[in-house]
Amino acid sequence: MAVVLVLVLIVVGSVLFHFLSPWWWTPIASNWDYIDHTIIISFWITGIVFAAVVLFMAYCVFRFRHREGNRAAYEPENKRLESWLMIVTAAGVTALLVPGLFVWSRFVTVPSDATEVEVVAQQWQWSFRLPGKDGKLGTSDTRDVTADNPLGVAPKDPNGQDDVLVEAADLHLPVGKPIKVLLRSIDVLHDFYIPEFRAKMDMIPGSVTYFWFTPTRTGTFQVLCAELCGQGHPLMHGVVVVDTEQDYLAWLGQQQTFAQLSAPQQSGSANQPSGKAMASGLDVAANSKLLRPAQ
Amino acid sequence: MVDVTPADAVPPAEVGEVELYHPHSWWTKYVFSQDAKVIAVQYSATATAIGLVALVLSWLMRLQLGFPGTFDFITPEAYYQFITMHGMIMVIYLLTALFLGGFGNYLIPLMVGARDMVFPYVNMLSYWIYLLAVLVLVSSFFAPGGPTGAGWTLYPPQAIMSGTPGGQDWGIILMLSSLILFIIGFTMGGLNYVVTVLQGRTRGMTLMRLPLTVWGIFTATVMALLAFPALFVACVMMLLDRVLGTSFFMPAIVEMGEQLQHNGGSPILFQHLFWFFGHPEVYIVALPAFGIVSDLISTHARKNIFGYRMMVWAIIAIGALSFVVWAHHMYVSGMNPYFGFFFATTTLIIAVPTAIKVYNWVLTLWRGDIHLTIPMLFALAFIVTFVNGGLTGLFLGNVVVDVPLSDTMFVVAHFHMVMGVAPILVIFGAIYHWYPKVTGRMLDETLGRFHFWVTFVGAYLIFFPMHYLGLMGVPRRYAELTDMNIMTESAHHLNSFISIMAFIVGFAQMVFLFNLIWSIRHGREAGGNPWRATTLEWQTPQTPPTHGNFGKELPIVYRWAYDYSVPGAKEDFIPQNVPGAFAPSREPA
């Protein structure tokens, strides 16, 4: 009989935990509250099903537990009941799927006025590139990556000359404007993830992936890598600052373009991809001794 | 709806009995045995042994997550090696091997009324190649650089690069080689299981009279035979990339400022191949559990399984659908986002046959005569965890909901609940259920109940709260959760709590192992059919069954596997091989 009690406690406990525990999503900072709504719909539908099934089971165990002289019923099938359950389930699934797909179609439809910003990942740091005055990003290729051109911007592409490069430093974005993030990696898989924005997407060496969002409040947000990228993965943090338009322009004015950075007198220490993240990544490598055979 | 088939209407055997290979020495009887039952025990023992390694690895990773910075020897490199080996061992070398190689070998011939698998020699080879695969896997712990730390998904390019433990050492090579061996070994066993079910059934055992255990294992095996080749080619291609410098999965890459020689390969191709195997793999583990738990519930509730035909078709439907949902593991992989519409739809459709199975288990309890034996307790616990884990699958399968949750602890909690804890609970229930047949003795009841309560409640307390860490945004595969803005103080406390629960649950498994060994000699004598069950394995002339299973005459089957509490019958069960007037009048035709 203890099992009946435990089954009921699991339902009651889970529901109480859901509503009372302090662990919940971080306050949202983008337009993807649609996603939060679909999560809430999912919690309600699945929560009700979970409670119903487990409580019904608890009732069955209580009501039909073995006692002397009991005998089970003999009922191999019940077509009507089975059909009804199938219909109700299909309805529940549809109620989850339809809003989900609706929001997904928004997620994959980038607004035409979105500004492109490129994020370039490498083990284990983030760099960024913004289009210059021409509003266009120059092409890029991993094969063009050198010490003086760590993001692999095509040196001969005129569109790339005025691109603003932010190497291993913080990215600033203006609040309230849709942003299309173009994602690129020069080594392994990474994933550009800011919990407050809800969105994330892998970056794949050799491809450019993307997603879009609109920052809805100013603030400083931590970038996390969400795709295992080697031993420095947990330290691959970055920072995105969402500014007012004014602050954003002030910041933008201080940044250097690709042409400025690749001018001969500029080359040297300033361009080494040796930010803090890289340094800590190397620390990681140095600290790793375990599971190597004894020397 | 047919009436009982009278005994004289049973068709004569189409082929005469073929003499089995009989072992001549201790070695051929117990070591290089061709008896499916011995092979089953060998598979199970090996899987359990390597599973213990994976259990210890999970403790080590929980030490790091629960008490960050306390244990110096757990470097990020080591941490990634722990999680990788834990995941791979649990999914492939424990669950797959135990369900198919262990339970499949033991139960298929006995339940379908065959003397052995149809190809006993190949069956023996299957085990020895599996053992070799396990040894190769274990050897990577002692190889220079240690085992691979690429995550169990082994995504290239990082899996074969120097930033990942074992990437440029032996780790990844040994891992890929071990998987290739495993698949070769499995294919030998798998062909056996399929042919035995199709061709080795005794007279009267129609497909629609098979116990659901056999249906589950059979369908899972067919799926595995179709899915493992995708992993096989992926492993071969990655091995070529790593050893010969080909570029199947390797595009142009700059590693730490240095241009690599690769060019033109596709990392995402590997993901498609991996998940074309990987998603069916989830059901390769789940379907045998579905089948077994159906039989446990029916037997211990003394009631026929509700909606048998629907259960069979649901197993087949799930098996078929699971081949068209793989990319739901890749919603944020950077594949064409329009795939999301298709894969979210197919994924959520799978929920319907899966839900039907859950309803039918619960409706089997309805108006039953429920004996709260240990197998029954584990079956109930399975339903709770499976429903919980299945429902969170509706979050992750529903493409846009997956976006914030993907690659977070929510995913970890979900798949541990649904394909870790749930199938393991069935394995425990099944061991308590069939141990008396394997050894002739019962497992100790008190130890068993202790094991059940700690495992069930403990595992729920580990994985239920973990979902909420993921909802906060805590990513998975983080060796360090320090310096992370979203990690509140209380979230760290929750992690410590989860770790402590993990140690307790792990400890309970030691009690279980002790019970397994102790009861071989000291358990209560079981007799031939302690649960008063209907299926053929309980009707053998000897317990444990001897070589050839059924003595002189193979049983003839007259009824389905679920004649419990038939109205008018004296006993509350009628074995499948009993002819007679008590109509299984409503046996599905």
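Rules used throughout
Residues numbered from 1 in each chain as written. Chains lettered and ligands numbered in written order. Predicted model: local features only at pLDDT ≥ 70, side-chain atom pairs only at ≥ 80, totals over all residues. Axes fitted to C-alpha atoms, helices over the stretch in contact; angles between N-to-C directions. Helix = DSSP H or I, 4+ residues; strand = E, 2+ residues; numbered from the N terminus. Parallel < 35°, antiparallel > 145°, perpendicular 65-115°, else oblique. Left-handed = near helix turned anticlockwise from the far one by under 90°. Nonpolar A, V, L, I, M, F, W, Y, C, P; charged D, E, K, R; others polar. Contact = placed C-beta atoms within 7 Å. Pairing = 2+ DSSP bridges. Core = buried A, V, L, I, M, F, W, Y, C linked by C-beta atoms within 7 Å. Buried ≥ 20, exposed ≤ 12 C-beta atoms within 10 Å, placed from the backbone. Domains from an automatic or database assignment.

> Summarise the packing of helix α13 (residues 445-472) of chain B against helix α14 (residues 489-522) of chain B; cite the residues concerned and give the values.
All names here are of chain B. At a closest axis distance of 9 Å, the pairing of α13 and α14 adopts a crossing angle of 155°. Put simply, α13 runs roughly antiparallel to α14. Handedness of the crossing formed by α13 with α14: left-handed. Class assignment for the residues of the contact of α13 with α14 results in 20 nonpolar, five polar and no charged.

> So what's going on with the interface of chain A and chain B? Residues and values would help.
Contacts between chain A and chain B engage 94 residues on the former and 108 residues on the latter. Top element by residues in the side of chain A that touches chain B is helix α3 (residues 79-108) of chain A. It accounts for 14 residues.

> With reference to specific residues and values, describe the sheet that holds strand β1 (residues 115-122) of chain A.
Strand order in the open sheet formed by six strands is β8-β5-β1-β2-β3-β11 (chain A), and the pairing between neighbours is mixed. Only two strands of the sheet have a single neighbouring strand rather than two, namely β8 (209-213) and β11 (256-257) of chain A.

> Describe the sheet that holds strand β4 (residues 171-174) of chain A, naming the residues involved and giving the relevant values.
All names here are of chain A. Ordered in space as β4-β10-β9-β6-β7, the five strands form an open sheet in which the pairing is mixed. Each having just a single partner strand, β4 and β7 (200-203) make up the two edges of the open sheet. Strand-to-strand twist of the sheet, defined as the mean angle between neighbouring strand axes without regard to direction, takes the value 25°. Examined bridge by bridge, strand β9 (residues 219-225) and strand β10 (residues 238-243) share five bridges and lie antiparallel to one another. Its bridge partner being in β10, V223 is matched across the sheet by G238. Contacts between helix α5 (residues 245-253) and the sheet are confined to β4 and β10, with β4 contributing the most and set at about 140° to the helix.

> How would you sum up the nonpolar core? Please name residues and give values.
Burial of nonpolar side chains together is a common tendency in soluble globular proteins. A:M57, B:F378 and B:I383 are the most contacted members of the largest nonpolar core, which has 280 residues in total. At 25 residues, helix α3 (residues 76-112) of chain B tops the list of elements feeding residues into this core. Setting aside residues no more than four positions away along its own chain, B:I383 makes contact with A:M57, B:V358, B:W361 and B:V362.

> Explain the domain arrangement of chain A residue by residue, including any values.
Residue and element names in this part refer to chain A. Each assigned domain of chain A is listed here: domain 1 (2-65 + 79-108) and domain 2 (115-267). On a C-alpha basis, the centres of domain 1 and domain 2 stand 38 Å from each other. Listed as interface residues are eight residues of domain 1 and, on the opposing side, 13 residues of domain 2.

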